[in-house]
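Letter by letter, the chains look like this.
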Amino acid sequence: MSSCYHCGLPVLKTGFDTVVDTETRVFCCAGCQAVSEMIHSAGMGRYYELRDAPEGFIPEDMTQRFVEYDENFDTYAEIFDGVAATTIYVEGMYCTACSWLVEATLSASPAVESVSIDPLSHRVYVEWHVEDLSLGGLLGLLASVGYAPRPLSRHASGRPEYGEERTALKRLLVASLGMMQVMMFAIALYAGDAQGIDERMAHFLRLVSMVVATPVVFYSARPFFDGAIRGLLALKPGMDLPVAIAIGLAYAGSVYSTFTRGDDVWFDSVVMFVFFLTLGRFIEMRARQRAVTVADALKPLMPDTVVVLDGDRQHTRSVATLKVGELVLLRPGDHIPADAVIESGETSVDESVLSGESRPQPRVVGDEIIAGSINLDTAIEARVTATGSSTILGGIQRLSRTALHYRPAIVQTADRIASYFVFVILMLATAVAVAWSMIDPARAFVVTLSVLVVTCPCALALATPAAFAAVNSKMASLKLLLKNSNSIEALARCTHVVFDKTGTLTLGKPSITKVRTLRDGLDEAKAMQIAAALEASSSHPIANAFKDTETPLKALNVSVLPGKGIFGLVDDHSWTLGRDPDGDETTPRSAEAAMRVVLSDDEGPAAEFVLQDAVRADAAETLAELRAMGLELSLLSGDGSDAVEHVADALGIDTWHARLTPADKLDAIQALQRSGARVLMVGDGINDAPVIAGADVSIAPAAAAEVTQTRADIVFLGDGLSPVASALTASKRTLRIVRQNLSWAIAYNIAAVPLAAAGMVPTWLAAIGMSASSLVVVFNALRLSR
C-alpha cells in the first residue's frame, strides 16, 4: 500500500494524484493534495526535501547563499567565552506562530546555544558554537523555511526596517489603487442590480474587476499567504491563516462565479479587505519602528573612523579595525571610539550618555576614558585598552540587547493563548458555514468570510508584547538597564522596598575625614598606605576613599568576606580592613552620616578611619514618591548604628537595622516574604549577591564600569535615585495597559463574533474592525514610551 506524499498516511482511496516536479505524487485525500499544490505554487517545495533530511541538515546551496557573511564574520558577530553571538533581522516575522517557527528551526540545531526573539522589532538574538555551524549555515537554516534573514552589522547604524517599510508601502499603494478602481466597477454593478444592466456589460465589469483585483491578491496580500504557509508547514498555524483563507476563498469564489456567470462576486470586498489589513499592518510597522528608535537612545553616536598614530604618521582608519594597544588621537568634539588610557594631554569628557552625569569630568595622563563619551577641551593621545563589545559600552549594550529579546513569562503565556485561539476561529468558522448552509445557502459563503476576518486574534497576540516592548524602550531612555524582563511584572506587584545604605541611599563616594592610630609604631601615613594597598583591587564603594592615596606597598592573597571586610598580606604581614571585629562604638555620635572602618591584624585594631558619604541629592524626594505609592520602606545596612540612624532619620525611614551581614539581610527579607510581602531590594548588586538573589526583584545603582558585574535584575546609571521611582511607576503602568489591551481584545471578539455569525457584519466592515482593534492595542501600548 502506498503512502501519502504530504502526510505519510496510507492511501486508502485512489484518485488523488498530482504531477510534482515531473513526478506523479499520490495523496490520501483532497486536503493533502490541495495543501501540497499550495506549497509548490508558493515556491516552497523545498519543504519536502527538508522534511526528510536529517536533523540540522542545511542544503549546500542555502549555505553558499550566505558565504559572504562568513568572510566578514567579525562585522556581524562576536565571540564570548567560546560562544558566538549575533543579531539577525528576519523580514516577514509578524505573529507568534512566526516567532515559534524561527525559534524551533534554530533550536533544532545542536550547535545553537540559545535563541531570543523580539517579534515587534523582527530581531533574533542567537548564541551558537561557530566551530559546529558557520554564520552562513545559521542564516541558511532560516532561509530554508522561507524567511529572509539579514544579520545586523555591529558597527553600522543602518536600519533594515526601512527596506521592509518601502516594500510594505508599495504593497499598500497597489492595494489602495486596486480598491479605488474595483469600487468604481462595483458601484456600476450595484446600480445595475437595482436599475438593470446589459448582461454582457455586467460580465465585462466583472472581468475587469478580476484583472484589477489579481495583483492586489497576489502582491499586496502575499505576506498573509506566506505567513499562513509557513505556519502550516510547521503545524503551528498563526494569525495569518484565517486571513489568508478568507482572502483566498473570496477571490477564488469570485473568479469561479465570474466564469460560470454566477449571481455574486466579491472582488470589491477582497480588495477592500486587503487594503485595510495592509494599512493596519503598515501603521503597526511604523509604530514598532518608533519603539525601536526610542530603545536606541541608550546608544551614543559612535564615530565611523578614528585617527591612529604610528610614530610621526597619522592614519585615518575604520573604528572596526582598531586594536588593543594602538595609540589614537582625539581632538576636541571627537566621540571616543574605545576604552583607553590617556598618555598625553589633559582634557574634560562628557560621560552623560553612560553615567547620567551632565557635568564635564576632568581627565589627565593615566586616567581611563570610556567609549561613547565625548572629548571636550583639548586634543589628547590615548592608548586603546578595549574595543568593540569588550568595552564598557559594549557590555552595557549587550545587557540591554539580551533583555530586549528575552520574552517575559507573561508574554509567553499570552502567545500560547493567541495560538490556541486560531484553532477556535477555524472551528467556529466551520460551524457558522454549516449553520448558514442550512439557513440560507446563498449567504453562507459571505457570512463565513466575515467570521474569519473579524475574529482574527491580532489584537490579542499584540496586547502583551507591544506593552513590554514600549516599556523596555522607555526604561532605556531613562538609563535603566533591564537584565531580566520578568522584573517588570515583579516590580509592579511589590509591597515593600528595602534599601542598602552605602552606595545606594548615599553616593558611594566616601571621603576620609579623620585617621586615628591605635598602637605605637604605626603612624597615619603608614596606616593609609596599608589600607590603600588592600583596597587597590576592590570594587566596594568604600574603596573609593583610598584610591587617591599613593602607596609603594602591594597586597597579596587578597580576599573578601562579605560583611566583614577585605583580607591580605602586606609586607608579609596579615591585615584586615573592615568592620571593628569587637563591634564596639568607640567614636562618639556625629551629626553627620559618618562611618568607621578599622585596620587590624592578629593583635587587634591598629588604626581607625572615619569616612563620610553624602546622601544622594534626590533621595528624600524619591522616597516620598515611593511612600505615596503605598510602599513600605526599610533600611538594612552593615554600617554602624550612628551612620545608619542618621541617614534613616534624614530620609524618614522608620524601620532600619545596622551592623548586618549579608546573611542577616537575607533573613530579614525572607521574614518579610513569609509575612506575604513582595520585596524589592535596592542595593549593591556586586557585594550583596545573596540578598539580591533572595528578593523578589532587585535594582542596583552602578557606575559604568560595574554594570556588567552586578547581579541585580535592573541597573540604573547616574547619581540620582529617581530611576527607582521611575521603574516602579513604569512597571505599574505596564501591567495596567496590558490589562486594558487584553480586556479590549477580548471584549472586541465577544462583541464582534455574534454579530458576524448572525450575518450582520459585511466583509469590508470586518476588515476595518479587525485592523482597528490591532491599532488600538499598539497605540495604547506606545503611551508607555512617552
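Since we're looking at a predicted model, the values are computed, not measured.

Thresholds applied
Within any chain, residue numbers begin from 1 and follow the written order of that chain's sequence. Where totals are concerned, whole chains, interfaces and linings use all residues; where local detail is concerned, this predicted model gives features only for residues with pLDDT of at least 70, and gives and counts side-chain atom pairs only at 80 or more. Each side-chain value is derived from all of the structure's non-hydrogen atoms; neither hydrogens nor water enter the calculation. Note on conventions: DSSP H or I runs of at least 4 residues are helices, E runs of at least 2 residues are strands, and numbering of each starts at the N terminus. When accessible area is computed with a 1.4 Å probe and restricted to protein chains, residues below 20% of their type maximum are described as buried, those above 50% as exposed, and intermediate ones as partly exposed. Working definition of accessibility: Shrake-Rupley area with a 1.4 Å probe, residue cover restricted to the visible protein chains. For this document, the term salt bridge refers to a Lys or Arg side-chain nitrogen within 4 Å of an Asp or Glu carboxyl oxygen. Should any heavy atoms of two residues lie within 4.5 Å, those residues are counted as being in contact. How sure the predictor is of each residue is captured by pLDDT, a score from 0 to 100. What a helix should span is 1.5 Å times the count of its residues minus one. Starting at the helix axis, one direction is taken to each C-beta atom, and the arc is that of these directions. What makes a nonpolar core is a set of buried Ala, Val, Leu, Ile, Met, Phe, Trp, Tyr and Cys residues whose side-chain atoms join them at distances within 4.5 Å. A pair of strands is labelled paired if DSSP reports no fewer than 2 bridges between them. Helix axes are fitted to C-alpha atoms over the stretch in contact, other axes to C-alpha atoms as well, and angles between N-to-C directions run from 0 to 180 degrees. When describing relative orientation, an angle under 35 degrees is termed roughly parallel and one over 145 degrees roughly antiparallel, while 65 to 115 degrees is termed roughly perpendicular and anything else oblique. Classes in brief: Ala, Val, Leu, Ile, Met, Phe, Trp, Tyr, Cys and Pro nonpolar; Asp, Glu, Lys and Arg charged; the others, Gly included, polar. Stacked, tilted and edge-to-face pairs are distinguished by plane angle, under 30 degrees for stacked and over 60 for edge-to-face with tilted covering the rest, among Phe, Tyr and Trp rings (Trp via its six-membered ring) whose centres lie within 6.5 Å. In the analysis that follows, any N or O atom pair within 3.5 Å is treated as a polar contact, provided that within protein one partner can donate a hydrogen and the other can accept it, and provided that, for residues neighboring in sequence, both atoms belong to side chains. The sense of a crossing depends on the near helix, which, turned anticlockwise from the far helix by less than a right angle, makes the crossing left-handed and, turned clockwise, makes it right-handed. Patches draw on residues past 30% relative accessible area with no salt bridge. Two like charges within 9 Å are joined, as are two nonpolar side chains (Val, Leu, Ile, Met, Phe, Trp, Tyr) within 5 Å.

Q: Any chance you could explain the overall build of the protein here in plain terms?
A: Assigned secondary structure in the protein consists of 26 helices and 29 strands. Expressed as a percentage of its 786 residues, the buried residues of the protein come to 52%. Approximately 34,500 Å² of the protein is accessible, and the part contributed by carbon and sulfur atoms is 56%.

Q: Sorry, what's going on with the pattern of salt bridges here?
A: Scanning all chains against the criterion turns up 12 salt bridges. Across the salt bridge formed by Lys665 and Asp500, the nearest N and O atoms sit 3.2 Å from each other. Remark: Asp500 occurs in the loop between strand E18 (496–499) and helix H19 (501–505) and Lys665 occurs in helix H23 (residues 662–674); sequence separation between them is 165 residues. Accessibility expressed as a relative area gives 4% for Lys665, which makes it buried. Ionic pairing is found between Glu608 and Arg596, a salt bridge with its closest N-O pair at 2.7 Å.

Q: Teacher, can you tell me more about the environment of Pro242 here?
A: Among the structural elements, Pro242 can be located in helix H11 (residues 240–259). On the basis of relative accessible area, Pro242 is assigned to the buried category, the value being 0%. Residues in contact with Pro242, not counting those within four places in the same chain, are Val422, Ile425 and Leu452.

Q: Help me out: how do you make sense of the environment of Glu131 in this one?
A: By secondary structure assignment, the location of Glu131 is in the loop between strand E6 (123–128) and helix H7 (135–143). Owing to a relative accessible area of 57%, Glu131 belongs among the exposed residues under this scheme. Sequence spacing of Glu131 and Gly82 is 49 residues, and the spatial spacing of their C-alpha atoms is 9.2 Å.

Q: What should I look at first to understand the environment of Pro465 in this one?
A: Topologically, Pro465 is positioned in helix H17 (residues 458–477). C-alpha of Pro465 to C-alpha of Val778: the two residues are 313 residues apart in sequence and 9.4 Å apart in space.

Q: Before we go on, may I ask you to explain the confidence of the model for the protein in this structure?
A: Detailed reading of the predicted coordinates is not advisable wherever pLDDT is low. Across the protein, the average pLDDT comes to 79, with 79% of residues at or above 70. Segment residues 53–60: pLDDT under 50, and 12 contacts once partners within four positions in sequence are set aside and those in other chains are kept. Taken as a whole, residues 583–593 scores under 50 in pLDDT and shows 26 contacts with residues more than four places along the chain or in a different chain.

Q: What is the right way to look at H23 in this model?
A: Structural remark: α-helix, 3.6 residues per turn; residues separated by three or four positions point the same way. Here H23 spans 18 Å end to end across 13 residues, near enough to the 18 Å set by a 1.5 Å rise per residue. Listed in full, the buried residues belonging to H23 are Pro662, Lys665, Leu666 and Ile669. Projected down its long axis, H23 shows its buried positions confined to an angular sector of 100°, all on one face. Taken from the residues just after H23, Gly676 is the one with a positive phi, measuring 100°.

Q: Teacher, can you tell me more about the nonpolar core here?
A: For soluble globular proteins, nonpolar side chains are generally found buried alongside one another. By size, the foremost hydrophobic cluster in this structure holds 47 residues, and its most contacted members are Val243, Ile247, Phe267, Phe273 and Val274. For this core, the secondary structure elements donating two or more residues are helix H8 (161–195), helix H9 (199–220), H11, helix H12 (267–295), helix H15 (409–439), helix H16 (441–454), helix H25 (722–757) and helix H26 (763–782). Sequence-distant contacts of Phe273, defined by excluding residues within four places in its chain, comprise Val243, Ala246, Ile247, Val453 and Ala767. Grouped together as the second largest cluster of nonpolar side chains are 43 residues, Leu480, Ile488, Val647 and Leu728 included.

Q: Just checking my understanding: could you explain the sheet that holds strand E12 (residues 347–350) for this structure?
A: Whether parallel or antiparallel, the strands of a sheet pair through hydrogen bonds between backbone atoms. One open sheet holds the three strands; their spatial order is E13-E12-E15, and the pairing between them is antiparallel. Each of the sheet's edge strands pairs with one partner strand only, and the pair in question is strand E13 (361–363) and strand E15 (374–375). As paired elements, E12 and E13 share three bridges and run antiparallel to each other. Of the residues in E13, the one forming a bridge with Ser348 is Pro362.

Q: Even after reading the chapter, I still don't get the sheet that holds strand E9 (residues 313–318), so can you show me in this structure?
A: Strand order across the open sheet formed by six strands is E9-E8-E10-E16-E11-E14, with antiparallel pairing between neighbours. A strand with exactly one partner marks an edge of an open sheet, and here the two such strands are E9 and strand E14 (368–369). Bridge analysis of strand E11 (residues 339–344) against strand E16 (residues 380–386) gives five bridges, and the strand direction is antiparallel. Residue pairing across strands places Val341 opposite Arg383, the latter belonging to E16.

Q: Sorry if this is basic, but what is going on with the packing of H25 against H26 here?
A: Two measures define how a pair of helices packs: the angle their axes make with one another and the distance between the axes. Where H25 contacts H26, the axes come no closer than 9 Å and their chain directions differ by 170°. Regarding the angle of H25 to H26, the classification is roughly antiparallel. Of H26, the residues touching H25 (which contributes Ile737, Gln740, Asn741, Trp744 and Tyr748) are Ala766, Gly769, Met770, Ser773, Val776, Val777, Asn780 and Ala781. Residues of the contact of H25 with H26, tallied by class, amount to eight nonpolar, five polar and no charged.

Q: Quick question: what am I supposed to make of the pairing of E9 here?
A: Consecutive side chains along a regular strand alternate between the two faces of the sheet. Across six bridges, the pairing between strand E8 (residues 305–310) and E9 is antiparallel. By the bridge assignment for E9, Val308 is matched with His315. The turn joining E8 and E9, which pair antiparallel and follow one another in sequence, is formed by two residues; a positive phi near 70° is taken by Gly311.

Q: Sorry if this is basic, but what is going on with the packing of aromatic side chains here?
A: Pairs of aromatic rings are described using the distance from one ring centre to the other and the angle between the two planes. Evaluation of the coordinates by the stated rule reveals six aromatic pairs. With a centroid separation of 4.8 Å and 45° between ring planes, the pair formed by Trp266 and Phe445 is classed as tilted. Here Trp266 is found in the loop between H11 and H12, whereas its partner Phe445 is found in helix H16, with 179 residues between them in sequence. A relative accessible area of 16% places Trp266 in the buried class.

Q: Looking at this model, I keep getting lost on the side chain of Ser348. Mind explaining?
A: Topologically, Ser348 is positioned in strand E12. With a relative accessible area of 9%, Ser348 lands in the buried category. There is a polar contact of 2.5 Å between the side chain of Ser348 and the side chain of Asp377. Contact partners of Ser348, with chain neighbours within four places excluded, come to Pro360, Gln361, Pro362, Arg363, Ile374, Asn375, Leu376 and Asp377.

Q: Can you walk me through the packing of H11 against H16 in this structure?
A: Running from amino to carboxyl end, H11 crosses H16 at an angle of 155°, the nearest separation of the two axes being 8 Å. Regarding the angle of H11 to H16, the classification is roughly antiparallel. Relative to H16, H11 is oriented so that their crossing is left-handed. Contact residues: Pro242, Ile245, Ala246, Leu249, Ala250 and Gly253 in H11; Phe445, Leu449, Leu452 and Val453 in H16. The class makeup of the residues in the contact of H11 with H16 is nine nonpolar, one polar and no charged.

Q: Teacher, can you tell me more about unusual backbone geometry here?
A: Negative phi values dominate among residues other than glycine, just as trans dominates among peptide bonds. Unusually for a residue other than glycine, Asn557 sits at a positive phi of about 50°. Counting through the fold element by element, Asn557 comes out in strand E20 (residues 555–561). Notably, Arg659 is not glycine yet its phi reads approximately 55°, a positive angle. Counting through the fold element by element, Arg659 comes out in the loop between strand E26 (655–657) and H23.

Q: Even after reading the chapter, I still don't get a nonpolar patch on the surface, so can you show me in this structure?
A: A cluster of nonpolar side chains, namely Tyr420, Phe423, Val424 and Met427, defines an oily patch on the protein surface of about 440 Å² accessible area. Within the secondary structure layout, Val424 lies in helix H15. Judged by relative accessible area, which is 41%, Val424 ranks as partly exposed.

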